[in-house]
Amino acid sequence: MSETYMRVPAPGPKRTVYTEAMEIFHRAADLIGLNPRVRLELEEPDYEHIFHVTVKLKDRLVPVTGADAAPFADLPVTQVRNPEGLEQLADGKIILNGRALLGSDVAIRRGHLRLPSGGVYQLVPGEAQRFKAYRVQHNQARGPYKGGIRYHREVSLDLFKALAAEMTWKTAIAEVPFGGGKGGIQLDPRQYGREELEAITLRYMYKLKSLVGPNIDIPAPDVGTNGEIMALMLRQFSDGERERHAQRGVVTGKDVRIGGSEGRVKATGRGVVFCVEDFYAERGETLKGKTFIVQGFGNVGSHAAEILCSMGAKLLAVNDADGTIFSGDGIDASALMAYTTDSKNLKRSVAGYPGAQKIEKADFWGVPCDFVIPAALGGEITSEVAEKLKTKLIAEGANGPTTPEADAILQKRGIEMIPDIIANAGGVTVSYYEWIQNKRMESWTEAEVNKKLEFAMKRNYRIIRDIARNSARKTEMHDGTRFLIGKEMSTRAAAMVLALKRIEAHYQLEGFSQ
Ligand code: NAD
């Protein structure tokens, strides 16, 4: 009897975010004839951790409208003695912090009350909730695992595997002595109060503690997290330790007052700008007068836009999760940043910005411009978008913004690409500077950091372009001669070739332990 009768047939390969992200890895691995065992090592992560964190949520006031609110229209208004105890969330709910209602004149009927704004709210007691949490440690051939922490509704093991692998490539391209990791929690941070997010973060690090460390795995901010979250992770990791101050390097992206690096907050956006600047410099052009559009106006998008505007480029349109704006005269990125970070702008959105007009997301991608910076989430530049773009260059601020199909279309259309693993490597590069400063108990100036960052970004981007064109140059900044493979390829494949050659060297020279 043939063996096939004895086994359940293997399921066909399923296409996922991870397999899609790994297509370029396989293409580059084929191109350079990557050692088969190294390929197996890199094809799947070293470790995939999935766990849960539980937290007791706070009491909430949930808005009630229409017919549900009518029976409470005659309720006397509740005068809250300490309005600071009420924390307004982006979804309209209000968290009751501390003892917000204690000592107030409270009028409650069947669990409902009315606030001075006139709105009727249902009082929902806080309950314990469970959140799914992740940390994927992809590879550590070149150094400790390194990568961000994402708080977002749409996360999965598959996504974190893709993002962790990207970090392995990125740290190799940036020439920093780290491997790749990524993790986070499945939640929408805008639906939780400050103290709730603090509790969730502390609990997350409580469970993560045995898996991370300054020389083991070093998290950083990503979508939905920031320096405040990093500070909490640092405290939870180092609390009660004998050599607490030697542990500062367990996370990067910290506030400069507690061991963060000058220039880190803007580093990813600045790195994108260095690449775009070098792209034009090679053509004898500058950024002055160049037009661009940005998707995502968070950390990466807003800083990149602000720096570009300060160099004379013109921002025409911005799209984010809650809206799209356009101005043919150019949008003032600093003013827009002030608008999105205003405490009254609960969604932190560009929507409603008075200095521009509202347009549809579908029209955003069709705005004619010199270059586009996707700086939101992955998979946004689809085939349809790729056909629609009226631009000459894409600089990928986000991780994985372009699908493989869209990538092929862009290549056919002759639209140039600065791929994510080099374009947004500025963040991890300055994270490395932060980590060194922590180890040495030093603190560098922003000018020093930016100068080093510029050198690192442009040097590695130049090597990638040399690989892509199969033409080596040797300049003061770089030496592209060692990485050429004898044929031309896309910039994306070239970036991956550089990463794989640098990683493979470790396996070739150090060998395998077993
Ligand atoms: P952020 O949370 O600060 O900002 C994200 C932005 O994307 C927000 O403006 C949000 O409105 C927008 N957005 C979310 N969903 C959207 C949607 N469906 N359509 C349009 N816009 C949407 O995040 P960030 O730190 O700026 O990260 C942005 C991207 O850059 C991510 O892909 C991240 O992985 C990547 N990245 C960040 C860093 C870093 O240092 N922060 C480093 C490397 C790569």
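Before reading further, recall that the structure is shown in the block above.
In this report, the structure presented in the accompanying data block is examined. (Residues numbered from 1 in each chain as written. Predicted model: local features only at pLDDT ≥ 70, side-chain atom pairs only at ≥ 80, totals over all residues. Heavy atoms only, no water.)

## Side note on the overall build of the protein
In step 1: What the protein contains, in helices and strands, is 15 helices and 17 strands.
In step 2: Taken over the C-alpha trace, the protein has a radius of gyration of 25 Å; the compact-globule value for 514 residues is 24 Å, and the two agree within 12%.
In step 3: Considering only C-alpha atoms, the protein reaches an extent of 80 × 65 × 60 Å along its principal axes.
In step 4: Here the protein holds 514 residues, and the buried ones make up 54% of them.
In step 5: Sequence-distant contacts, at least 24 apart, represent 69% of the contacts inside the protein between residues at least 6 apart.
In step 6: With the model as given, the accessible surface of the protein reaches about 23,400 Å², and the carbon-plus-sulfur share is 50%. (Helix = DSSP H or I, 4+ residues; strand = E, 2+ residues; numbered from the N terminus. Rg over C-alpha atoms; globule rule 2.2 N^0.38 Å. Buried < 20%, exposed > 50% of the residue type's maximum accessible area, 1.4 Å probe, protein only. Contact = heavy atoms within 4.5 Å. Areas by Shrake-Rupley, 256 points an atom, 1.4 Å probe, with all protein chains shown as cover.)

## What about the nonpolar core?
In step 1: Counting 87 residues, the largest nonpolar core has W169, V276, F292, F371, I373, I418 and L500 as its most contacted members.
In step 2: By residue number, the principal contributor to this core is helix α15 (residues 491–510), which donates ten residues.
In step 3: In contact with V276, other than residues within four places in its own chain, are L287, F371, L393, A395 and I418. (Core = buried A, V, L, I, M, F, W, Y, C linked by side-chain atoms within 4.5 Å.)

## Notes on the sheet that holds strand β16 (residues 393–395)
In step 1: Strand order across the open sheet formed by seven strands is β14-β13-β12-β11-β15-β16-β17, with mixed pairing between neighbours. Two strands bound the open sheet, and with one partner strand each, they are β14 (357–358) and β17 (416–418).
In step 2: In this structure, β16 lies alongside β17, joined through three bridges in parallel fashion. Of the residues in β17, the one forming a bridge with L393 is E416. (Pairing = 2+ DSSP bridges.)

## Focus on the packing of aromatic side chains
In step 1: Scanning the entire structure with this criterion turns up 15 aromatic pairs.
In step 2: Each ring, one from F292 and one from F371, has its centre 5.2 Å from the other, and the planes form 5°; the classification is stacked. Here F292 is found in strand β11 (residues 291–295), whereas its partner F371 is found in strand β15 (residues 371–374), with 79 residues between them in sequence.
In step 3: Judged by its relative accessible area of 0%, F292 falls in the buried class.
In step 4: Aromatic side chains Y339 and Y353 sit 5.6 Å apart centroid to centroid with 65° between the ring planes, which places their arrangement in the edge-to-face category. (Phe/Tyr/Trp six-rings, centres within 6.5 Å; stacked < 30°, edge-to-face > 60°.)

## Concerning the site of the ligand
In step 1: Inspection of the region around the ligand gives 24 residues, with D222, T268, F297, A376 and N399 positioned closest.
In step 2: The separation between an oxygen atom of the ligand and a polar side-chain atom of T268 is 2.7 Å.
In step 3: Taking 830 Å² as the accessible area of the ligand by itself, protein coverage stands at 83%.
In step 4: For the shell around the ligand, the elements supplying multiple residues, two or more each, are α6 (264–281), α7 (299–310) and β12 (314–320).
In step 5: Considered class by class, the residues forming the shell around the ligand number eight nonpolar, ten polar and six charged. (Near = heavy atom within 4 Å. Polar contact = N/O pair within 3.5 Å; in protein donor to acceptor, adjacent residues only side chain to side chain. Nonpolar A, V, L, I, M, F, W, Y, C, P; charged D, E, K, R; others polar.)

## Focus on the pairing of β11
In step 1: Extensive coverage of β11 is indicated by the burial of five of its five residues.
In step 2: Side chains of β11 alternate between two faces, with T291, I293 and Q295 and F292 and V294 buried alike.
In step 3: By the bridge criterion, five bridges tie β11 to β12 in an arrangement that is parallel. Within the sheet, the bridge partner assigned to I293 lies in β12 and is A317.

## What about helix α11 (residues 404–412)?
In step 1: Every buried residue belonging to α11 is among A406, D407, I409 and L410, and all of these are buried. Seen from one end, α11 has its buried residues packed into an arc of 165°, which puts them on one side.
In step 2: Against α10 (383–388), β16, β17 and α15 lie the buried residues of α11.
In step 3: Just past α11, the residue G414 takes up positive phi, approximately 75°. (Arc of directions from axis to C-beta.)

Coordinates in, geometry out; function isn't part of it.
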